[in-house]
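Structure at a glance
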Amino acid sequence: QSVVYPEFAKLWGIGDMKAFRQKTHKLAFQVGLPLAAATACGVMLLPFILPTLLGQSYDPAVPAAQLLLLGSAIWLGFFWLRPIYFAQGRLRVWTGISVLVVFLSVLGFFVIIPYWGYLGLSLWIMLLNGLGHILGFCFLARKWSG
């Protein structure tokens with residue numbers, strides 16, 4: 001993100017919307033999507049890797065680790081979103097999305113953990129990662145289409 005932000009800021013600043021969208025498309029499909037796919041594939045390998053590296057006593061942690069890895073895959077797939085918002089000066093929107101995700105995360109600590117424990121919280125965190133990025137993507141798409 002810190003590498004692509006200056007590129008987005010430059011393109012936005014000079015008003016080259018065609019290059020800005022091309023850069024976004026390239027990063028989304030040639031970088032984000034392959035990284036997300038590779039990370040998601042790692043979810044299937046985790047049941048073999050985690051116990052091998054840490055021992056059989058870590059078997060119960062595999063499902064939670066898989067969910068967290070899926071959340072990381074979502075983040076990687078949409079890594080280009082935050083730099084776009086920052087380059088466009090839309091900090092208020094990105095901050096609003098972030099505040100919502102943090103609020104729901106904290107709420108999850110009190111509601112989800114007592115009922116579903118660490119596995120429920122892992123799922124919640126993965127879902128919130130998806131929610132935040134989907135909201136960011138939808139707001140961006142709406143702005144670009146209108």
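Residues numbered from 1 in each chain as written. Predicted model: local features only at pLDDT ≥ 70, side-chain atom pairs only at ≥ 80, totals over all residues. Heavy atoms only, no water.

Of note, Arg90 is situated in the loop between helix 4 (81-87) and helix 5 (91-145). Buried charged residue Arg90 carries no salt bridge. Nearest counter-charge: Asp16, at 18 Å. The contacts of Arg90, once residues within four sequence positions are left out, are Tyr85, Phe139, Leu140 and Lys143. (Helix = DSSP H or I, 4+ residues; strand = E, 2+ residues; numbered from the N terminus. Buried < 20%, exposed > 50% of the residue type's maximum accessible area, 1.4 Å probe, protein only. Lys, Arg positive; Asp, Glu negative; His and termini not counted. Salt bridge = Lys/Arg side-chain N within 4 Å of Asp/Glu carboxyl O. Contact = heavy atoms within 4.5 Å.)

Glancing now at the packing of helix 1 (residues 4-14) against helix 2 (residues 17-54). Running from amino to carboxyl end, helix 1 crosses helix 2 at an angle of 155 degrees, the nearest separation of the two axes being 8 Å. With respect to helix 2, the element helix 1 is oriented roughly antiparallel. Here helix 1 and helix 2 pass one another in a crossing that is left-handed. On the side of helix 1, the interface is formed by Val4, Glu7, Phe8, Leu11 and Trp12, while helix 2 contributes Met17, Ala19, Phe20, Lys23, Thr24 and Leu27. (Axes fitted to C-alpha atoms, helices over the stretch in contact; angles between N-to-C directions. Parallel < 35°, antiparallel > 145°, perpendicular 65-115°, else oblique. Left-handed = near helix turned anticlockwise from the far one by under 90°.)

Now for the pattern of salt bridges. Applying the stated criterion to the full structure yields 1 salt bridge. Across the pair Lys23 and Glu7 runs a salt bridge, and its minimum N-O distance is 2.5 Å. With Lys23 in helix 2 and Glu7 in helix 1, the pair connects residues that are 16 residues apart, well separated along the chain. For Glu7, a relative accessible area of 31% puts it in the partly exposed group.

What follows covers the packing of aromatic side chains. Evaluation of the coordinates by the stated rule reveals 8 aromatic pairs. Residues Tyr115 and Trp116 carry aromatic rings whose centres are separated by 5.8 Å and whose planes lie at 50 degrees to one another, so their mutual orientation is tilted. Since its relative accessible area comes to 57%, Trp116 is described here as exposed. An aromatic cluster is defined as three or more aromatic residues linked by ring pairs; in this entry it consists of Phe8, Trp12, Phe20 and Trp144. (Phe/Tyr/Trp six-rings, centres within 6.5 Å; stacked < 30°, edge-to-face > 60°.)

Turning next to the nonpolar core. Core analysis: the biggest nonpolar cluster contains 16 residues, and Phe8, Phe20, Leu27, Trp80, Leu81, Ile84 and Leu140 have the highest contact counts within it. Only helix 1, helix 2, helix 4 and helix 5 provide two or more residues apiece to this core. With near-sequence residues (within four places) excluded, Phe8 lies in contact with Phe20, Lys23, Thr24, Leu27, Trp80, Pro83, Ile84 and Ala87. (Core = buried A, V, L, I, M, F, W, Y, C linked by side-chain atoms within 4.5 Å.)

Turning our eyes to something else, we now look at the packing of helix 3 (residues 62-77) against helix 5. The geometry of a pair of packed helices is captured by two quantities: the angle between their axes and the separation between those axes. It is the contact of helix 3 with helix 5, at a shortest axis distance of 8 Å, that shows an interaxial angle of 10 degrees. Here helix 3 is positioned roughly parallel relative to helix 5, judged by the angle of their axes. Note on element contacts: helix 5 touches helix 3 through Tyr118, Leu119, Ser122, Leu123, Ile125, Met126, Asn129, Gly130 and His133, opposite Pro63, Ala64, Leu67, Leu68, Leu70, Gly71, Ser72, Ile74 and Trp75. Partitioned by chemical class, the residues of the contact of helix 3 with helix 5 number 12 nonpolar, 6 polar and no charged. (Nonpolar A, V, L, I, M, F, W, Y, C, P; charged D, E, K, R; others polar.)

Attention shifts here to helix 1. Turning to helix 1, its buried residues number three or more, namely Val4, Phe8 and Leu11. Down the axis of helix 1, the sector holding all buried residues measures 70 degrees, keeping them to one side. Residues of helix 1 that are exposed and angled more than 90 degrees away from the buried face: Lys10, Gly13 and Ile14. Taken from the residues just after helix 1, Gly15 is the one with a positive phi, measuring 80 degrees. (Arc of directions from axis to C-beta.)

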